[in-house]
Amino acid sequence: QVQLVESGGGLVQAGGSLRLSCAASGSIFSINDMGWYRQAPGKQRELVAVITSGGSTNYRDSVKGRFTISRDNAKNTVYLELNSLDPEDTAVYYCKAEVRPRGGFWRSYWGQGTQVTVSS
């Protein structure tokens, strides 16, 4: 069984910062891409940032220059540094990882989500 557990969300004023973490645990053989998505009320879930196992990154345009994704492969953990936060960034943030469990096949796993609320 593989689990992703996020932490680090909260309430912050506009212009503030947060750091999200997502740790993968369980019977893991390998992890490929790890990423962060978000879903605001009444909106579809959208990709925020993704990082490959080699460290290549990609961001949605609206967060470029403000958010930074990173990972610690030894800890099976992905991070998202959120800076210059705007009320438009308010959403539930989910992490996703492409994981091959021991004795299993590649598939996507999702975390339970962590709320980020930015007040104006």
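This section reports on the structure supplied with the text. (Residues numbered from 1 in each chain as written. Predicted model: local features only at pLDDT ≥ 70, side-chain atom pairs only at ≥ 80, totals over all residues. Heavy atoms only, no water.)

## Quick word on the pattern of salt bridges
Rules: Salt-bridge detection follows one rule: a side-chain nitrogen of Lys or Arg within 4 Å of a carboxyl oxygen of Asp or Glu. Helix and strand definitions follow DSSP, with helices as H or I runs of at least four residues and strands as E runs of at least two, each counted in order from the N terminus. Relative accessibility thresholds used throughout: buried, under 20% of the residue-type maximum; exposed, over 50%; partly exposed, between the two (1.4 Å probe, protein chains only).
Within the structure shown, the criterion is met by seven salt bridges. A salt bridge links E81 to R19; its shortest N-O distance comes to 3.6 Å. Of the two residues, E81 sits in strand 8 (residues 77–82) while R19 sits in strand 3 (residues 18–26), which places them 62 residues apart along the sequence. When its relative accessible area of 45% is taken as the criterion, R19 is described as partly exposed. For R38, the salt bridge identified is with E46, shortest N-O distance 2.7 Å. Judged by relative accessible area, which is 6%, R38 ranks as buried. Of the residues examined, E46 reaches a relative accessible area of 25% and is grouped as partly exposed. Here the residues in one salt-bridge network are R38, E46, R60, R66 and D89, joined through shared partners.

## Let's talk about the sheet that holds strand 8
Basically, it comes down to this: DSSP bridges decide pairing: two strands pair if at least two such bridges lie between them. Between the N-to-C directions of two axes lies an angle of 0 to 180 degrees, each axis being a line fitted to C-alpha atoms and, for a helix, fitted only over the stretch in contact.
Taken together, the four strands give an open sheet; going across it, the order is 1-3-8-7, and neighbouring strands pair in antiparallel fashion. Both outer strands of the open sheet, strand 1 (2–7) and strand 7 (67–72), are each paired with one neighbouring strand and no more. Neighbouring strand axes in the sheet, compared pairwise and without regard to direction, differ in orientation by 15 degrees on average. Bridging between strand 7 and strand 8 involves six bridges; their strand directions are antiparallel. Looking at strand 8, one finds that T68 is bridged to E81.

## Section: the state of the cysteines
Spelled out, the test is: In this description, the term disulfide denotes a pair of cysteine sulfurs within 2.5 Å.
Inspection of the entire model under this criterion finds one disulfide. Disulfide pairing is shown between C22 and C95; the S-S distance is 1.9 Å. Judged by the sign of its S-S torsion, about 45 degrees, the bond between C22 and C95 is right-handed. Of this pair, C22 sits in strand 3 while C95 sits in strand 9 (residues 91–101), and the two are 73 residues apart along the sequence. For the pair shown, C22 and C95 are each scored as buried.

## Section: the pairing of strand 5 (residues 46–51)
The pairing of strand 4 (residues 28–39) with strand 5 spans five bridges and is antiparallel. Following the sheet pairing, Y37 is matched in strand 5 by L47. The antiparallel hairpin formed by strand 4 and strand 5 contains six residues in its connecting segment, where G42 sits at a positive phi of about 75 degrees. Alignment of strand 5 against strand 6 (residues 57–59), held across three bridges, turns out to be antiparallel. Each bridged residue has a counterpart across the sheet, and for V50 the counterpart in strand 6 is N58. If you look at the hairpin formed by strand 5 and strand 6, you'll find five residues sitting between the two strands, and G55 has a positive phi there, around 100 degrees.

## Some words on the packing of aromatic side chains
Just so we agree on the cut-off: What counts as a ring pair is set by centres within 6.5 Å for rings of Phe, Tyr and Trp (its six-membered ring), and what kind of pair is set by the plane angle: stacked under 30 degrees, edge-to-face over 60, tilted for all other angles. In this scheme, Lys NZ or Arg CZ marks a charge over a ring once it lies within 6 Å of the ring centre and within 35 degrees of the ring normal.
Scanning all chains against the criterion turns up two aromatic pairs. Among the aromatic residues, those joined into a ring-pair cluster are Y37, Y94 and W110. Above the ring of Y94, the side-chain terminus of R45 is found at 3.7 Å from the ring centroid. Directly above the aromatic system of Y109 lies the positively charged group of R107, at a separation of 3.9 Å from the ring centroid.

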